[in-house]
Amino acid sequence: MATAKVSETEFPYSLTISLPLPSNRLASSALQTLEVDNELSPFVRRTFALTAPACDTPGEPQEKKQKQDPEETRTVLQTTYRATTNRMLRVAVNGFMESLGVVLGVMAELDVDVLAAEGVEE
């Protein structure tokens, strides 16, 4: 994960993708899987963060929200891209979406929680 600030004048085109996932464990797994691959182009910068959902879940009692570990509430994978041109931004995001599709497909097929929900024994 890049920690240096990217200049808006050098990389004026940006896009932030927020992907809500069912749990912090899945969001963290997706982040760790996706951040391994560096951007191929020096004209693109990408950062990841795990955040809490912007709005409250309507069906969740307030008492449960207060008892929840702050780390566990971070279930949104936020990916921010910055690029020198809109074309470089589009190419980078297209590649990211392909990788994200693979990661989510593997999670759906192999995740322990998904298997438990379907009643399959380990």
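Naming follows an unreviewed UniProt entry, where the chain appears as Pcc1-domain-containing protein of Penicillium oxalicum. Its UniProt record, at the heading Sequence similarities (unreviewed entry), says of the chain: "Belongs to the CTAG/PCC1 family."

Another point: the sheet that holds strand β2 (residues 44–51). Strand order in the open sheet made by the 3 strands is β1-β3-β2, with antiparallel pairing throughout. Each edge of the sheet is formed by a strand with only one pairing partner; in this case those strands are β1 (13–20) and β2. Mean inter-strand twist for the sheet, computed between neighbouring axes without regard to direction, equals 15 degrees. Where β1 lies against strand β3 (residues 76–83), 8 bridges are found, and the strand directions are antiparallel. The residue of β3 that forms the bridge with Ser-14 is Arg-82. Across the sheet, helix α1 (residues 24–34) lies against β2 and β3, angled at about 165 degrees from β2, the strand it touches most. The sheet contacts of helix α3 (residues 86–110) involve β1, β2 and β3, and relative to β1 the element is tilted by about 15 degrees.

Attention shifts here to the packing of aromatic side chains. Per the counting criterion, the structure on display carries 2 aromatic pairs. On the basis of an interplanar angle of 45 degrees and a centroid distance of 6.3 Å, the ring pair of Phe-48 and Phe-96 is categorised as tilted. A residue pair is termed long-range when its members are at least 10 positions apart, and Phe-48 in strand β2 and Phe-96 in helix α3 qualify at 48 residues. Residue classification places Phe-48 among the buried positions, given a relative accessible area of 6%. Ring geometry for Tyr-81 and Phe-96: centres 5.7 Å apart, planes at 65 degrees, overall edge-to-face. Remark: Phe-96 occurs in helix α3 and Tyr-81 occurs in strand β3; sequence separation between them is 15 residues. Judged on exposure class, the residue Tyr-81 and its partner Phe-96 are both buried.

Cut-offs and rules
Chains are numbered independently. Their residues run from 1 in the order of the written sequence. Local features in this predicted model are restricted to residues of pLDDT 70 or higher, and side-chain atom pairs are both shown and tallied only at a pLDDT of 80 or more, whereas totals for entire chains, interfaces and linings draw on every residue. To obtain the side-chain values, all non-hydrogen atoms of the structure were used and water was disregarded. UniProt positions are given in the numbering used here, feature names are shortened, and annotations may be inferred rather than shown by experiment. When DSSP finds at least two bridges between two strands, those strands are taken to pair. For helices the rule is a DSSP run of H or I covering at least 4 residues; for strands it is a run of E covering at least 2, with both sets numbered from the N terminus onward. Only C-alpha atoms enter the line fits that serve as axes; for helices the fit covers just the stretch in contact. Angles between N-to-C directions range over 0 to 180 degrees. Any two residues whose heavy atoms approach within 4.5 Å at even a single point are treated as in contact. Side-chain rings of Phe, Tyr and Trp (the six-membered ring for Trp) are treated as a pair once their centres are within 6.5 Å; stacked means planes under 30 degrees apart, edge-to-face means over 60, and tilted covers the remaining angles. Each residue's exposure class comes from its accessible area (1.4 Å probe, protein chains only) as a fraction of the maximum for that residue type: buried when under 20%, exposed when over 50%, partly exposed otherwise.

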